[in-house]
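Structural characterization, general
Given next are the chains, with one letter for each unit.
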Amino acid sequence: MLARNLRIYRQQRGLSQEELAHKAEIDRTYVSALERCVYGVSIDVLDRIAVALSVEATDLLQRTPPKAGDA
């Protein structure tokens, strides 16, 4: 769920992996790995990503896919 939702929210906001990584203060390769389900994520990093995407951390873990207009 995280990989799919992360990619959807990032793309909806027009952010590259590098831009998201910079906003969340993580490495770009880590964002890529998360989107490919290579690594798990800590609560701290999940929160930083959520803040960078202006969503709740729980939104990134929801089974229901984000809608096209979700902010």
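Below: a short report on this structure. In this text, all values refer to a predicted model and were calculated from it rather than measured experimentally.

Observations concerning helix 3 (residues 28–35)
Burial in helix 3 covers these residues: Val31, Ser32, Ala33, Leu34 and Glu35. Contact partners of the buried residues in helix 3: helix 1 (2–12), helix 2 (17–24) and helix 4 (43–53). One or two positions beyond helix 3, positive phi appears at Cys37, with a value near 60°.

Thoughts on the environment of Cys37
Along the chain, Cys37 turns up in the loop between helix 3 and helix 4. Measuring from C-alpha to C-alpha, the distance between Cys37 and Ala3 comes to 6.0 Å, with 34 residues separating the pair along the chain.

Topic: the side chain of Asn5
Residue position: Asn5 is located in helix 1. According to the relative accessible area criterion, Asn5 is buried, its value standing at 0%. Within polar-contact distance, the side chain of Asn5 engages the backbone oxygen of Gln62 at 2.8 Å.

Rules of the game
Residues numbered from 1 in each chain as written. Predicted model: local features only at pLDDT ≥ 70, side-chain atom pairs only at ≥ 80, totals over all residues. Heavy atoms only, no water. Buried < 20%, exposed > 50% of the residue type's maximum accessible area, 1.4 Å probe, protein only. Helix = DSSP H or I, 4+ residues; strand = E, 2+ residues; numbered from the N terminus. Contact = heavy atoms within 4.5 Å. Polar contact = N/O pair within 3.5 Å; in protein donor to acceptor, adjacent residues only side chain to side chain.

Note that all results are geometric; they support no functional claim without further evidence.
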